[in-house]
Amino acid sequence: MNSDATIFIVDDDMAVRDSLGLLLGLKGFRTQIFANAENLLKAYNPKWFGCMLVDVRMPGMSGLELHAELCRRACDLPVVIMTAYGDVATARIALKAGAADFLEKPIDDAVLIDVLQSAIDAHAALRRGSSAGKGTQHLTTREQQVSDLVTAGNTVKQIAAQLGISPRTVEVYKSRMVQKLRVQDGVGGSSSDA
Amino acid sequence: MRSIEQQSEVSWPKAIWLSALYVLLYVLLDAVSLIHALQHTEISPWGPNIALMIAVVMRYGARVAPVTILAPGISEIVLRNAAPLGLAAIGAVVCLGCTYTACGVLLRRLQRNYPQPTTQWFAVLLAVIVSSALLNAMLYSAVLIYNGDLSAGSYLTAVRIDWVGDVNGIIILLPLVLILSVGEAGKLSEIRAHIGLLVLQAAVLGCVFLITFRNAWGMSDPADQTPFYLLFLPIIWIALRWGAGVTAVALAALQIGIVAFVAKHNTPESFLAIQVLMVLLAGTGWFMGISESENSRINALMHSKDGELSSLNARMAVSELTAVIGHELNNPFAALVNYLRSASLMLDLPNFDRASLQSALDKAQGEAARSVNVVRNLREFFRSGVVRRQSVDPRELAEEALAAMQIKFRSAGMAADLQVEVDLPLIAADHLQLSMVLQNLLANAYDAVCGSDQRHGRIAVVVTRRANDVMFSVEDSGPGIPERLRDQIFRPVTSTKSAGMGLGLAICRSLVEANEGRIWLVRSDVSGTCIAFSIPLGTREVNEVKA
């Protein structure tokens, strides 16, 4: 389906990037691995298609700085941020800056695939130039799951346990979900297509 | 006394038995109190029986009133052959019994406000006792004169003797009973530990007692003035060293010594004078002893608060650490999980490659070992402060720490510079711990700059080589540390921030010192703060010795 999609992995931890490459390769993704942000920028090509998987804490340029730099270069690749120790502040900065998602290590492979796949789909839609590009304003699979569980009356802790993520990440999803829904309300029917 | 006091729920037969015991004790004390009694009356300058009465009422309340009120009458009948319904017996019941029982009830009420003896409580106690004793002395002396036991001209003398005697008896024995019953038992272990000192004090008290009352042993002219005030010294010494409990015992021993050995050599007037001085001595001893007990209680309380605080400190430190530990552990865990998941995916492949499966499993094992090392390293540090030294590249260390904080800095519009001297040698240190120290210093710098509303705050990390060590300094352009806090910033719970516990620098110091380094404040003024730490160079020999 995404035969030409590539996951661009940036992590300073050798074992982490190596294992991610191996795992995603086995899952059928094409991967390209970088030890730091600078290396990726050197190799960067605007024609790249797929998704980036970037660690926050790296010597030199951080994941968030890399994201900002890519935005400056008008890169349309979705960026998924990973962190070894998730804190709400970092997650919020990342998501505010337009990151596609925020994941805490160790990452459950099902969640990872899910997130990457929807990011790739969004990118594909964007590249096709269709109105589906506005799909970023729609809830991601993950956000939809959180939204469903919230509606069902679950607490943040329960949701975290069910989805296998930390409560803080649930909070982040929740706030982003609310933000998106508000945006949709504000814009009214204009984004109700698709 | 003690055995009676420890019972608070008493059955009827026991009550009768205890009442009889009380009356017996009262009469006995009354009998021994008849020293230099005035004109064959009960009036003497020593009233230990009154102390017993008040103590019992204070302990058991108004329900013992029938016994305590009647006991003086019984004593009068037994000791002085008074007629059972005569004025002497009834006078004793009304004056002594009623006044002091009422005094006991009042003191019992007041005591509720003072669960522990305090100087304030002692002042209240003293005021109530002195006024009750005066009231009783005036009433009782009047009754005795009316009854013809005393000549009318000796009224004031009788009042004086009775007043002094009762106050003396009460003030010396009552606090002893009260303080022993609220339990200065905690002192017992301390007393056992310093028994030598206590013996010395007892010996000094004994010597001073012998010198003070030397004319009683015929060692000097009876007219020789007795330097009574010498006795204040050992009593004050004991009070300041041990508090109220031991002072109580010393005063009681002194009083018994006076009654047993000295009184018979005295004239009634000189004995009365001694009893007045004993009241003053006891009062002084009590005030000092009780205030010392108060102090040690407050100290003990503060120590326990210190304990709470340090356990809170420990918890805060742990929460600061979990962030670091989380980061150190989650990377190996992430890789481990990925390798294992990959391995199981490989098994599902129709034509799986044994070699790559083996390689994935080997790598998983490597990551597991890595996480074990992180945990072991931390555990060892926390267990004994032992650090796992390795050769650390100072540049790498500084770069990493700065990278970890860079997000915060840039998002706040701050510039963070790193200046590392070229060709720095390696240092022998625990990488994780030093990284925590640097991050902590950087976080402080960030807070300082952020708090000062500077548009373009500046933070600099400078790493330089010195003779035997490498110095890391972290400098910020914040408002500086308040002058009064500058010499104590490395102590726990010193903070210039409204949030947080002020633990950061204390932890930094212990981590740096665990790595045989030193941390200090280079400067702090309105233009900013600079804190530096140094870590010894890691020569090959050092590494071998420390490993």
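Residues numbered from 1 in each chain as written. Chains lettered and ligands numbered in written order. Predicted model: local features only at pLDDT ≥ 70, side-chain atom pairs only at ≥ 80, totals over all residues. Heavy atoms only, no water.

1. With respect to the interface of chain B and chain A
Taken together, the contact between chain B and chain A spans 29 residues of the former and 26 residues of the latter. In total, about 2,400 Å² of surface goes out of reach between chain B and chain A, with carbon and sulfur atoms giving 62% of it. Where chain B packs against chain A, one counts three salt bridges. A salt bridge links Asp18(A) to Lys363(B), with the shortest nitrogen-to-oxygen separation between them at 2.9 Å. The interface formed by chain B and chain A holds eight residue pairs in polar contact (both at pLDDT 80 or more) in total. Those elements that provide at least two residues to the side of chain B that touches chain A are α12 (268–348), α13 (354–384) and α14 (394–411) of chain B. For the side of chain B that touches chain A, the element with the highest residue contribution is α12(B), accounting for 16 residues. In the side of chain B that touches chain A, the residues fall into 13 nonpolar, ten polar and six charged. (Contact = heavy atoms within 4.5 Å. Buried area = accessible area lost by both parts, 1.4 Å probe. Salt bridge = Lys/Arg side-chain N within 4 Å of Asp/Glu carboxyl O. Polar contact = N/O pair within 3.5 Å; in protein donor to acceptor, adjacent residues only side chain to side chain. Helix = DSSP H or I, 4+ residues; strand = E, 2+ residues; numbered from the N terminus. Nonpolar A, V, L, I, M, F, W, Y, C, P; charged D, E, K, R; others polar.)

2. Overview of the environment of Ala252(B)
Residues and elements named next belong to chain B. Its place among the elements puts Ala252 in helix α11 (residues 244–262). When the C-alpha positions of Ala252 and Ile171 are compared, they lie 9.8 Å apart, and in sequence the two are 81 residues distant. For Ala252, the contacting residues outside a window of four places in its chain are Ile172, Leu173 and Leu176.

3. Some points on the sheet that holds strand β7 (residues 528–536) of chain B
Residue and element names in this part refer to chain B. Strand order in this open sheet of five strands is β2-β4-β5-β7-β6, and the pairing throughout is mixed. A strand with exactly one partner marks an edge of an open sheet, and here the two such strands are β2 (415–420) and β6 (518–525). On average, each strand axis in the sheet is tilted by 15° relative to the strand beside it, whichever way the strands run. Here α14 sits on the sheet in contact with β2, β4 (458–465) and β5 (469–476), set at roughly 175° to β2. (Pairing = 2+ DSSP bridges. Axes fitted to C-alpha atoms, helices over the stretch in contact; angles between N-to-C directions.)

4. Some words on the sheet that holds strand β3 (residues 50–55) of chain A
Residues and elements named next belong to chain A. One open sheet accounts for five strands, arranged β2-β1-β3-β4-β5; its pairing is parallel. Lying at the two open borders of the sheet, with one neighbouring strand each, are β2 (30–34) and β5 (101–104). The sheet shows a mean angle of 20° between the axes of neighbouring strands, taken without regard to direction. Pairing of strand β1 (residues 6–10) with β3 involves five bridges; the strand directions are parallel.

5. Digging into the pairing of β3(A)
Strand residues, when the strand is regular, have side chains that alternate between the two faces of the sheet. Of all six residues in β3(A), six are buried; the element is thus mostly enclosed. In the classification by handedness, the crossover that spans β3(A), the intervening helix α3 (residues 63–72) of chain A and the parallel strand β4 (residues 79–83) of chain A is right-handed. (Buried < 20%, exposed > 50% of the residue type's maximum accessible area, 1.4 Å probe, protein only. Right-handed = clockwise from strand over helix to strand, strands pointing away.)

6. What about unusual backbone geometry?
Residue and element names in this part refer to chain A. A cis amide bond, omega -5°, links Lys105 with the succeeding residue Pro106. With respect to the helices and strands, the residue Pro106 is situated in the loop between β5 and α5 (109–128). Even without being a glycine, Ala74 presents a positive backbone phi close to 60°. Positionally, Ala74 belongs in the loop between α3 and β4.

7. Remarks on the packing of aromatic side chains
For any pair of aromatic rings, geometry is given as the distance between the ring centres together with the angle between the planes. Inspection of the entire model under this criterion finds eight aromatic pairs over all chains. A centroid spacing of 5.4 Å and a plane angle of 85° characterise the contact between Tyr44(A) and Trp48(A), whose relative ring orientation is edge-to-face. For the pair Tyr44(A) and Trp48(A), one class covers both residues: buried. With centroids separated by 4.9 Å and ring planes inclined at 85°, the aromatic side chains of Phe122(B) and Phe287(B) adopt a geometry described as edge-to-face. In this pair, Phe122(B) is assigned in helix α6 (residues 119–147) and Phe287(B) in helix α12, connecting sequence segments 165 residues apart. Classification of Phe287(B) as partly exposed rests on a relative accessible area of 32%. Among the aromatic residues, those joined into a cluster by ring pairs are Phe8(A), Phe34(A), Tyr44(A) and Trp48(A). One residue, Arg241(B), lies across the ring of Trp242(B), its end atom 4.4 Å from the ring centre. (Phe/Tyr/Trp six-rings, centres within 6.5 Å; stacked < 30°, edge-to-face > 60°. Lys NZ or Arg CZ within 6 Å of the ring centre and 35° of its normal.)

8. Quick look at the pattern of salt bridges
Residues and elements named next belong to chain A. Throughout the structure, instances matching the rule amount to 15 salt bridges over all chains. Here Lys27 ties to Asp109 by a salt bridge, and the two come within 3.7 Å at their closest N and O atoms. Highlighted residues: Lys27 in the loop between α1 (14–26) and β2 and Asp109 in helix α5, separated in sequence by 82 residues. Residues joined in a network through salt bridges with shared partners are Asp11, Asp55 and Lys105.

9. So, the nonpolar core
Counting residues in each nonpolar core, the largest one holds 80 residues, and the members touching the most others are Ile54(B), Tyr100(B), Leu107(B), Leu125(B), Leu174(B) and Leu281(B). Setting aside its immediate chain neighbours within four residues, Leu174(B) contacts Ala51(B), Ile54(B), Ala55(B), Met58(B), Leu107(B), Leu125(B), Ile129(B) and Gly169(B). (Core = buried A, V, L, I, M, F, W, Y, C linked by side-chain atoms within 4.5 Å.)

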